[in-house]
Amino acid sequence: MGQGAAENEMVVKQDLKVVAEVRRFVRLVTGQWGMDDFVPCLVASELVTNALQHAVSATGDDVILRLSRTEDDALWMEVQDAACSLPHMLAADTSSETGRGLFIVDQYARCWGIRALADNVGKVVFAVIDRT
């Protein structure tokens, strides 16, 4: 497929119910690549929920989910939002309902990180997920 591969991209509406659509989108794409969808769906749900809860309320802008593949055939997932505040991993308290998102991402992804976009237009949170 090489460089010119079309981005698998979804604009996420500002509504937490959209997480079901996010999972459907992830299943579709990972299915085309012959990849197990459990972990990608979990990580995408967490990243999108995080972005919707924190970023959208602050800016009102769209959240964008992108999926692609790395050189070694792992899944590259990124969620872009317009908030400039960077999320941080809270000490996961197993009884707490919030703050577990990045903890879950950290458990399941090979690596993840946060990239601020130029000119304060937002950030991208990315995760690399190995094929299972």
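Residues numbered from 1 in each chain as written. Predicted model: local features only at pLDDT ≥ 70, side-chain atom pairs only at ≥ 80, totals over all residues. Heavy atoms only, no water.

Right, let's get into the nonpolar core. Among the nonpolar cores identified, the biggest contains 29 residues, and Leu-47, Leu-65, Leu-67 and Met-77 are the most heavily contacted of them. Where this core is concerned, the elements lending two or more residues are β1 (8-12), α1 (19-32), α2 (38-59), β2 (63-69), β3 (75-81), α3 (101-108) and β5 (123-129). Ranked by residue count, the leading element in this core is α2, at eight residues. With near-sequence residues (within four places) excluded, Leu-65 lies in contact with Asn-8, Glu-9, Met-10, Val-12, Val-22, Phe-25, Val-26, Met-77, Glu-78 and Val-79. (Core = buried A, V, L, I, M, F, W, Y, C linked by side-chain atoms within 4.5 Å. Buried < 20%, exposed > 50% of the residue type's maximum accessible area, 1.4 Å probe, protein only. Helix = DSSP H or I, 4+ residues; strand = E, 2+ residues; numbered from the N terminus. Contact = heavy atoms within 4.5 Å.)

This model, assessed by the stated rule, comprises one aromatic pair. Relative to Phe-126, the ring of Trp-76 has its centre 4.8 Å away and its plane inclined at 10°; by these criteria the two rings are stacked. Residue Trp-76 is located in strand β3, and its partner Phe-126 is located in strand β5; the two are separated by 50 residues in the primary sequence. Assessed through its relative accessible area of 16%, Phe-126 is described here as buried. (Phe/Tyr/Trp six-rings, centres within 6.5 Å; stacked < 30°, edge-to-face > 60°.)

As a further point, take unusual backbone geometry. With phi around 70°, Asp-73 is a residue other than glycine that occupies positive phi space. Tracing the sequence through the fold places Asp-73 in the loop between β2 and β3. Asp-73 gets classed as partly exposed once you look at its relative accessible area, which sits at 30%. Notably, Asp-119 is not glycine yet its phi reads approximately 60°, a positive angle. Note that Asp-119 resides in the loop between β4 (111-116) and β5. On the basis of relative accessible area, Asp-119 is assigned to the exposed category, the value being 71%.

On to the sheet that holds β2. The strand order across the open sheet formed by five strands is β1-β2-β3-β5-β4, and the pairing between neighbours is antiparallel. Only two strands of the sheet have a single neighbouring strand rather than two, namely β1 and β4. Strand-to-strand twist in this sheet, taken as the mean axis angle between neighbours without regard to direction, amounts to 15°. Strand contacts of α1: β1, β2 and β3, with the helix running at about 175° to β1, the strand carrying the most contacts. (Pairing = 2+ DSSP bridges. Axes fitted to C-alpha atoms, helices over the stretch in contact; angles between N-to-C directions.)

Turn by turn, an α-helix covers 3.6 residues, leaving residues three or four places apart pointing in a common direction. Every buried residue belonging to α3 is among Gly-101, Leu-102, Ile-104 and Val-105, and all of these are buried. Projected down its long axis, α3 carries its buried residues within an arc of 155°, all on one side. (Arc of directions from axis to C-beta.)

Here we come to α1. For α1, built from 14 residues, the straight-helix expectation of 20 Å at 1.5 Å per residue is met to within 8% by its first-to-last C-alpha distance of 20 Å. Among all positions of α1, only Val-19, Val-22, Phe-25, Val-26, Val-29 and Thr-30 are buried. On an axial view of α1, the arc spanned by its buried residues comes to 120°, and they lie on one face. In α1, the exposed positions that point more than 90 degrees away from the buried face belong to Arg-24, Leu-28 and Gln-32. Gly-34 sits one or two residues past α1 and shows a positive phi near 65°. (Expected span 1.5 Å × (residues − 1).)

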